[in-house]
Each structure stands twice: as C-alpha cells, then as structure tokens.
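# Results of the structural survey
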Amino acid sequence: MSQVDPLARYISEAEPLHDLLRRGLIQLSGFLLKRTVAGPRAIVDYEHVEGARERIREAAEGLRSLRAPTSAAHHRGHLVAALVAIERALAAALSTTDPDGDALFHFVQESERHLRAVGRATPGFETVDFKQACCAMQGAGAPFEARFTG
Amino acid sequence: MGKYSIWVLDYAAVNKFPQSVMLYGPQYVGIRNLPYAYVLIKGQGQVILVDTGYDHKEYGKYLADLYGVSNWHPASEVLAECGVTPADVTTVFITHAHFDHMGGLDLFPNAKFYIQKRELDQWVWALTLGPEFRFLVGAADPGDIVKATRLAREGRMIVVDGDRDDVVPGIDLRLAADTHTFGSMYVTVRNDGARESQDAWVFAGDNVYTYDNFTGLDPNDPYLVPIGLATGSQSNLLFSSAEMLKAVGGEHKRVIPVHEDRLKTVFPSRATAAGLHVVELALADGEASRVA
C-alpha cells in the first residue's frame, strides 16, 4: 500500500483553507474600504461581511482538523494566526463599538501579514492568484524556462 | 509645447510573452517582449502617475522565477530618470486593480490615488462567488485592498463614480465598465487644455495592449481586435477602444498601451543604464528633454 507523503497531504489540505481565508480577508477589507469611502453617515451593505463569516467558519472547521507534519508546523501556525486575526476582524465588523473601523482595520492587517508569511514560505500559497493573471499568463502552471526551452 | 510633460517609463519586462494574450486570436502564433511600465505626467504643479507597478518586495522573486519577469527596478530609480522622486508624486490614477498596476500603493507617501468605484465594488462582489469563478478575480492582491483601505482612512484614496472631467486641469478620467476588468478606467490628457483638444493623449491601462489592437495584423484590412483577457466583454473593449480613438482624433499612436514594446521606436526614447526605456511623449514649456 502506498503511503501519501505527509507534507504533500498537508499542502493539498491547507491550500483550500488558505484560499478561504484569503477570500474572507478581501471581503472584510473590501467592506471596510467601502464604508470608509462612503463616509460616516452612509448605510453600507453587510452582504460582504456575511459572506466573509461563512468563509471564516469553513476555514476554522478545516483548520481544526488539519494535521501538520513537523516541517509544516510553522506554516500551519501562520494559518491559524491569520484565522484568529480574521475572526477578530469579523467580530469588529459586526460590533457597534468600532464605529471608525480601527479594530477591524487592525485585525485585517494582522491577518494579511500572516497570509503573506504563508505565501513567502510556500509556493502556491501566494495571496495573488497569478494563474489567472493576464500579465503573467505565459508562466501559469510551470517553471518559465521549462515552457519555452523544452 | 503642451501643459504637461509626459513619459512612459519601463520598470521591468517579460521577454517572451504570448501574442495571443495581447491580441485575441490564434494561440501559439508568436511571442513578444512585454514591458511593464507606468506613465509620468508633470506640469501645472502636479506630478502624476498612471498606475504604480507591482509589489516587488512581496512576489518579485516568484514573478521572476515562474513568469520570466525580468530587470525590475524600483520606482525611486525609474522616476529619477526624469528628475522625480516617489515623494514628489502628488496624484496617482489607478486604471484597474490588477497586481501590476495597483501593487505600489505604499510607494508614494504624498500622493492622492484615484480609482473607479465600480472596480472596487465588483472585485469584492466577485469574491462572494464560489471558487469555480476565480477566473474573474485573478491577479488581484488582497494586500492591495488592505493598502487601499489604509489610504482611504488617511483621506488619500478618492473613489470616482464614472467619468470625471478635469480631475486635474486638462485631465479627464473615463470609466470603461466591464472591459478588461469590471471598472477599468482610462486617462485622457488634453495637453492644450481645450475641451475639443488637438493635442490629446489617452492612457489606456490594459484595455489596449498593443497598437495592433487598433488595426489587427493586416495593414490592408484594419479592424479593431480586442485583447485576450476580459472579465467584462470583448465587445465593450472594442467600443471603449473606439471612444479612445475618438478622443485623439483617430490618431491611434496617441492612445498609449504601456505594454507596447514599440513605443520606444514610435516616440523619442533612450535606453537607461539599467536596460530600461524612457519614452518621451510631450514636453511642457521649460521642461528639458530626458531622452535627447
């Protein structure tokens, strides 16, 4: 019976959770951006906050059961820290005690820092989906040189 | 002499870029050199950029290793070719929220930034869609949204809702909705200041990648050809291109695609010591040439 490499299994399980966190982060920061530019008297739709809440819930469930080999412990640590920060950001977005968005912004930034750290640690976990990037389209899916010199 | 001096400044390049992404059509028909560049506009007390470049600190190595992006140089060095520092920049127009146009938001500490409301709203909306729709949100960096939020909290992110004339004197912003992106914007500089300008330039963002988008590849049978990537529609791209051409009196070389490698041969230019290019489009009264 073949054994799946624990690190490879971890990466395949962590990638969708990272994507959920990334999307939740964009939704919460997008909500704050819209609220900030609309001004203090504006009524801002909470649809994005609700969307972020669902993504964060899914990410939290997945991270609870995600087992990391020793070599990935640091990576998992950043994912968990990103989750904790984004959960706090969500709480701030839903509260009435953060009218200027200071707490929301603080935790959004903290979550983003941890997601960046994950991206630096592991190819494929970048916060930008370059696979869909028009100005980097030529490289999608393979090392650049392999595509043009093979 | 116009009211503004205008340059297109390379900051990186991809040497082997598929033509089919630039010009919708058959695949595997060739590759081109694709400069990454931004536009510097100086005059009337303003130092203006169209777009900011990408966040090299975060993913420069990744872009270089996996996507062949080469010869990146920082804004401090690139702008210095025209005697400008990042701190001098007063205004930045963000044509669209892709990583290589919006990634440098942190680099210009004294600038106000302008972006279309539709661009921001729709990016966030698109992310409420499931992962099967990720084509629609590729190339957007969540970090750029966080940076934009910071700027908004500082009062430095101006969200524009549609067209706006004379955002600074003689410079107009035009929404090209649902084209390359949901809320792409192009910038028109009426360099004689006239409403019906005889000296207009249009900075197209990525709605136009190459002059061939205006003519196709057969000079005997010209027609508008869209770029390869539209999260909106290619028909909207074509109509937007037609509007840009109207703004410059049909003189298509005055619609500037920053990814067009031939800018350096169409206009006066020079190569820098770093192997990048400074392309000079216009000089205001009293401004010295940066390419002579």
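Predicted model, so just to flag it, every value in this text is computed and none were measured.

## Quick notes on the overall build of chain B
Scanning chain B from terminus to terminus reveals 9 helices and 14 strands. Its C-alpha atoms give chain B a radius of gyration of 18 Å, near enough to 19 Å, the size a compact globule of 292 residues would have. Projected onto the principal axes, the alpha-carbon positions of chain B cover approximately 55 × 55 × 40 Å. Among the 292 residues that make up chain B, the fraction classed as buried is 56%. Counting only contacts in chain B whose residues sit at least 6 apart along the sequence, the fraction spanning at least 24 positions is 64%.

## Points about the overall build of chain A
Looking only at helices and strands, chain A features 5 helices and 0 strands. Traced from its N-terminal end to its C-terminal end, chain A shows the element sequence α-α-α-α-α. Expressed as a percentage of its 150 residues, the buried residues of chain A come to 45%.

## So, the environment of Val29(B)
All names here are of chain B. In this fold, Val29 is placed in the loop between helix H1 (19–22) and strand S2 (31–43). For the pair formed by Val29 and Pro18, sequence separation is 11 residues and the distance between their alpha carbons is 7.9 Å. Those residues in contact with Val29, other than ones at most four positions away along the chain, are Gln19 and Ser20.

## Some words on the packing of helix H1 (residues 6–38) of chain A against helix H3 (residues 73–94) of chain A
All names here are of chain A. Two numbers describe how H1 lies on H3: the axes approach to 10 Å, and their chain directions differ by 30°. The angle between H1 and H3 falls in the class roughly parallel. You can see that H1 and H3 cross each other, and the crossing is left-handed. On H3, the residues that touch Ala14, Leu17, His18, Leu21, Gly24, Leu25, Leu28 and Phe31 of H1 are Leu79, Ala82, Leu83, Ile86, Ala89, Leu90 and Ala93.

## A word on the sheet that holds strand S10 (residues 183–190) of chain B
All names here are of chain B. With mixed pairing, 5 strands are arranged side by side in an open sheet as S8-S9-S10-S11-S12. For this open sheet the edge positions go to strand S8 (164–168) and strand S12 (255–256), each flanked by a neighbour on one side alone. Across 4 bridges, S10 lies against strand S11 (residues 200–203) in antiparallel orientation. Across the sheet, residue Val187 finds its bridge partner in S11, namely Phe203.

## Quick word on the nonpolar core
By size, the foremost hydrophobic cluster in this structure holds 133 residues, and its most contacted members are Leu28(A), Ile86(A), Ala89(A), Val8(B), Val39(B) and Ile256(B). Counting residues per element, this core draws most heavily on H1(A), which supplies 12 residues. Not counting the four nearest positions on each side in its chain, Val8(B) is found in contact with Ala37(B), Val39(B), Ile256(B), Val258(B), Leu263(B), Val279(B) and Leu281(B).

Each value, and the rule that gives it
- Residues numbered from 1 in each chain as written.
- Chains lettered and ligands numbered in written order.
- Predicted model: local features only at pLDDT ≥ 70, side-chain atom pairs only at ≥ 80, totals over all residues.
- Helix = DSSP H or I, 4+ residues; strand = E, 2+ residues; numbered from the N terminus.
- Rg over C-alpha atoms; globule rule 2.2 N^0.38 Å.
- Buried ≥ 20, exposed ≤ 12 C-beta atoms within 10 Å, placed from the backbone.
- Contact = placed C-beta atoms within 7 Å.
- Axes fitted to C-alpha atoms, helices over the stretch in contact; angles between N-to-C directions.
- Parallel < 35°, antiparallel > 145°, perpendicular 65-115°, else oblique.
- Left-handed = near helix turned anticlockwise from the far one by under 90°.
- Pairing = 2+ DSSP bridges.
- Core = buried A, V, L, I, M, F, W, Y, C linked by C-beta atoms within 7 Å.

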